[in-house]
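# Report on the structure
One-letter residues, chain by chain:
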There are 2 protein chains.
Amino acid sequence: MENYDVKSEVTDKFSLRGRVFNKIREDILSGKYKEHEELKEVAIGEELGVSRTPVREAFRQLELEGLIKIIPNKGAYVTGITTKDVQDIYMIRSLLEGLCARWACDHITPEQMDEMEENVYLAEFHASKGHLDQMAELDNRFHDILYEACDSKMLEHLLKDFHAYVLRVRKKTLASEQRSNASNNEHRKIMEAIKEKDKDRAEKVAHQHMINAYENMMKNGLCETYDAPDPGSEQ
Amino acid sequence: MENYDVKSEVTDKFSLRGRVFNKIREDILSGKYKEHEELKEVAIGEELGVSRTPVREAFRQLELEGLIKIIPNKGAYVTGITTKDVQDIYMIRSLLEGLCARWACDHITPEQMDEMEENVYLAEFHASKGHLDQMAELDNRFHDILYEACDSKMLEHLLKDFHAYVLRVRKKTLASEQRSNASNNEHRKIMEAIKEKDKDRAEKVAHQHMINAYENMMKNGLCETYDAPDPGSEQ
DNA sequence: TTGCGTATTATTGTATACAATCTGTATAAA
DNA sequence: TTTATACAGATTGTATACAATAATACGCAA
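Residues numbered from 1 in each chain as written. Chains lettered and ligands numbered in written order. Predicted model: local features only at pLDDT ≥ 70, side-chain atom pairs only at ≥ 80, totals over all residues. Heavy atoms only, no water.

## A closer look at the overall build of chain A
Let me state the cut-off plainly: Numbered from the N terminus, helices here are DSSP runs of H or I no shorter than four residues, and strands are runs of E no shorter than two. Burial status follows relative accessibility: with a 1.4 Å probe on protein chains alone, a residue under 20% of its type maximum counts as buried, one over 50% as exposed, and anything between as partly exposed. Where accessible areas are quoted, they stem from the Shrake-Rupley method and a 1.4 Å probe; at the residue level, only the protein chains shown are allowed to cover.
Helix and strand content of chain A: 9 helices and 3 strands. Listing every helix and strand of chain A by position from the N terminus yields α-β-α-α-β-β-α-α-α-α-α-α. Counting every position in chain A, which comprises 235 residues, the buried fraction comes to 54%. Taken as a whole, chain A presents about 10900 Å² of accessible surface, with 49% of it coming from carbon and sulfur.

This is the structure:
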């Protein structure tokens with residue numbers, strides 16, 4: 001009855017287990033728990049009103065998601081992201097977003113195409129009004145639509161993972177008005193290429209979009225990472 | 001002291017938790033547990049001589065690895081892999097292996113270069129003798145060396161995941177003598193390109209290597225998947 | 001026989017108890 | 001003062017007990 005997802009996310013966001021998992025995940029992504037901070041099972045359990053068991057299970061999943069690192073018999077620590085990690089992710093993403101856009105040309109549904117088009121128009125409207133929050137929201141949504149449109153559970157899951165991952169360090173990327181206009185432009189190009197089913201162009205512009213986003217982020221120092229995670233031990 | 005891995009694998013393969021996780025993982029990859037088979041916590045716990053708790057935690061991780069799907073209050077089921085999934089993975093891998101080879105040009109250590117060269121020579125030797133097991137082993141190891149040589153924890157982890165994933169369905173890919181010779185040839189080309197630090201060529205041949213492997217697998221029907229995971233419900 | 005409703009059983013979800021391990025401190029010896 | 005050691009506390013690892021849920025079997029009526 002249910003389709004068999006391959007890389008499946010946590011099955012039910014509304015089960016208790018799912019709630020615990022998502023809450024901790026949110027808290028890490030939002031920055032409530034800082035990098036390298038130790039997460040105590042009992043403390044988090046009490047905060048959420050549950051015992052250690054569901055917390056531990058959530059920890060195991062968060063470890064595989066890469067958000068925390070569990071050292072046996074010691075504890076769970078929020079992972080640090082280095083500048084190189086971010087750079088690597090953007091390079092990987094640039095390839096995969098290109099592939100995603102290519103596949104979307106063949107598999108996008110009319111509904112998804114409509115939403116993508118609407119997204120671009122809305123983003124341009126909010127850009128003209130300087131509505132930063134809405135723009136960030138629309139930017140995220142644009143990519144989600146794209147991921148869903150490629151009609152590949154594998155690729156969609158992968159890209160959503162990476163997307164969430166970089167959100168931890170990409171706090172204010174779109175803050176610059178200049179970049180947000182450029183970004184909207186690039187979204188429009190991607191959208192149009194997909195609409196015209198021009199696979200090569202779609203792949204190329206989606207690829208370039210990531211490269212541009214990355215370079216902007218780095219150029220403006222909008223990426224908060226620790227390059228020397230353990231001061232005093234190495235490098 | 002320890003470096004902070006981003007996408008970290010299960011931390012300690014030799015801890016009890018790690019052992020349970022790896023054992024179940026092995027059993028799925030080896031085919032002991034068939035696709036869509038339900039995994040019972042107590043049964044597996046008894047088999048491994050542990051209680052449900054470690055088994056459950058292993059399940060949570062296996063779910064995120066994509067090997068099983070957990071339906072709340074129902075059970076854990078070995079995921080099915082469709083032909084499309086395999087196809088998608090190979091397309092994704094072809095891009096990422098290309099990137100990996102490119103990065104390896106810059107970051108490979110002399111020791112890794114030596115091992116890769118040795119691997120190629122050994123593989124050719126065993127090919128001439130018809131030693132199938134050793135050839136499969138060397139083939140897997142070649143890719144692992146490549147993944148490690150790119151010096152990117154992110155990419156290495158991703159590719160190792162995918163690699164293990166397709167091993168589930170790619171049982172006898174190298175069985176054909178013709179393909180194994182071609183594969184060795186391609187490995188040699190990758191190795192030589194990296195040795196000469198020719199990034200463009202390295203990326204291209206690594207990319208093509210995946211495409212060829214995929215086409216061979218599909219052409220010969222060496223991929224065992226279920227395309228209709230739930231007979232009678234849809235399609 | 002078939003269909004429905006209830007009871008029983010099996011299995012998962014959660015909490016708790018206990019064991020093992022690690023960390024930090026205090027004390028004593030060099 | 002420094003170092004080593006032993007103890008105490010905290011924290012994680014595992015097992016078990018109990019609760020909730022789903023699957024099954026059974027009985028009864030149509």
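## Here we look at the sheet that holds strand 3 (residues 75–78) of chain A
Residue and element names in this part refer to chain A. Selection criterion: Strands qualify as paired when DSSP identifies two bridges or more between them. Here, two residues are considered to be in contact whenever any of their heavy atoms come within 4.5 Å of each other. Convention adopted: a line fitted to C-alpha atoms gives each axis, helices being fitted over their contacting stretch, and angles between N-to-C directions are expressed from 0 to 180 degrees.
Here 3 strands make up an open sheet; going across it, the order is 1-3-2 and the pairing antiparallel. The open sheet has two edge strands, strand 1 (38–39) and strand 2 (68–71), and neither has a second partner. Pairing geometry for strand 2 and strand 3, over 4 bridges, is antiparallel. Each residue of the ladder has a partner; that of lysine 69, found in strand 3, is tyrosine 77. Along the sheet, helix 3 (residues 52–65) contacts strand 1, strand 2 and strand 3; its crossing angle with strand 2, the most-contacted strand, is approximately 115°.

## Digging into the side chain of arginine 60 of chain B
How we decide: In protein, a polar contact requires one atom able to donate a hydrogen and another able to accept it; more generally it is a pair of N or O atoms within 3.5 Å, and residues adjacent in sequence count only if both atoms are side-chain atoms.
Of note, arginine 60 of chain B is situated in helix 3 (residues 52–65). Within the structure, arginine 60 of chain B has its side chain in polar contact with the side chain of glutamate 57 of chain A (distance 3.0 Å).

## Concerning the domain arrangement of chain A
Residue and element names in this part refer to chain A. The condition that has to hold: Where each domain begins and ends is defined by an automated method or by a domain database. Buried area, as used here, totals the accessible surface that two parts lose on assembly, with accessibility defined by a 1.4 Å probe and the loss added over both. Note on definitions: salt bridges are taken to be side-chain nitrogens of Lys or Arg within 4 Å of carboxyl oxygens of Asp or Glu.
According to the domain assignment, chain A contains domain 1 (13–78) and domain 2 (83–223). Inter-centroid distance (C-alpha atoms) of domain 1 to domain 2 is 29 Å. Facing 10 residues of domain 1, the contacting portion of domain 2 comprises 5 residues. Overall, the association of domain 1 and domain 2 removes approximately 560 Å² of surface from exposure, summing both partners, and the carbon and sulfur fraction of that is 44%. For the pair domain 1 and domain 2, the interface holds 0 salt bridges. Counting across the interface, domain 1 meets domain 2 through 1 residue pair in polar contact (both at pLDDT 80 or more).

## What about the pattern of salt bridges?
Residue and element names in this part refer to chain A. All chains considered together, the criterion is met by 47 salt bridges over all chains. For arginine 93, the salt bridge is made with glutamate 97, and the minimal N-O distance between the two is 3.2 Å. Taken together, the positions of arginine 93 and glutamate 97, both in helix 4 (residues 83–107) and 4 residues apart, correspond to about one turn of that helix. The same class applies to arginine 93 and to glutamate 97, which are both buried.

## Observations regarding the sheet that holds strand 1 (residues 38–39) of chain B
Residue and element names in this part refer to chain B. The 3 strands are arranged 1-3-2 in an open sheet whose pairing can be described as antiparallel. Of all the strands in the sheet, just strand 1 and strand 2 (68–71) have a single pairing partner and so form its edges. Across 2 bridges, the pairing between strand 1 and strand 3 (residues 75–78) is antiparallel. Bridged to leucine 39 within strand 3 is alanine 76.

## Let's talk about the environment of glutamine 87 of chain B
Residue and element names in this part refer to chain B. Topologically, glutamine 87 is positioned in helix 4 (residues 83–107). A residue is classified by how much of its surface remains accessible, and glutamine 87, at 35% relative accessible area, is partly exposed. Sequence-wise, glutamine 87 and methionine 154 are 67 residues apart; in three dimensions their C-alpha atoms are separated by 22 Å.

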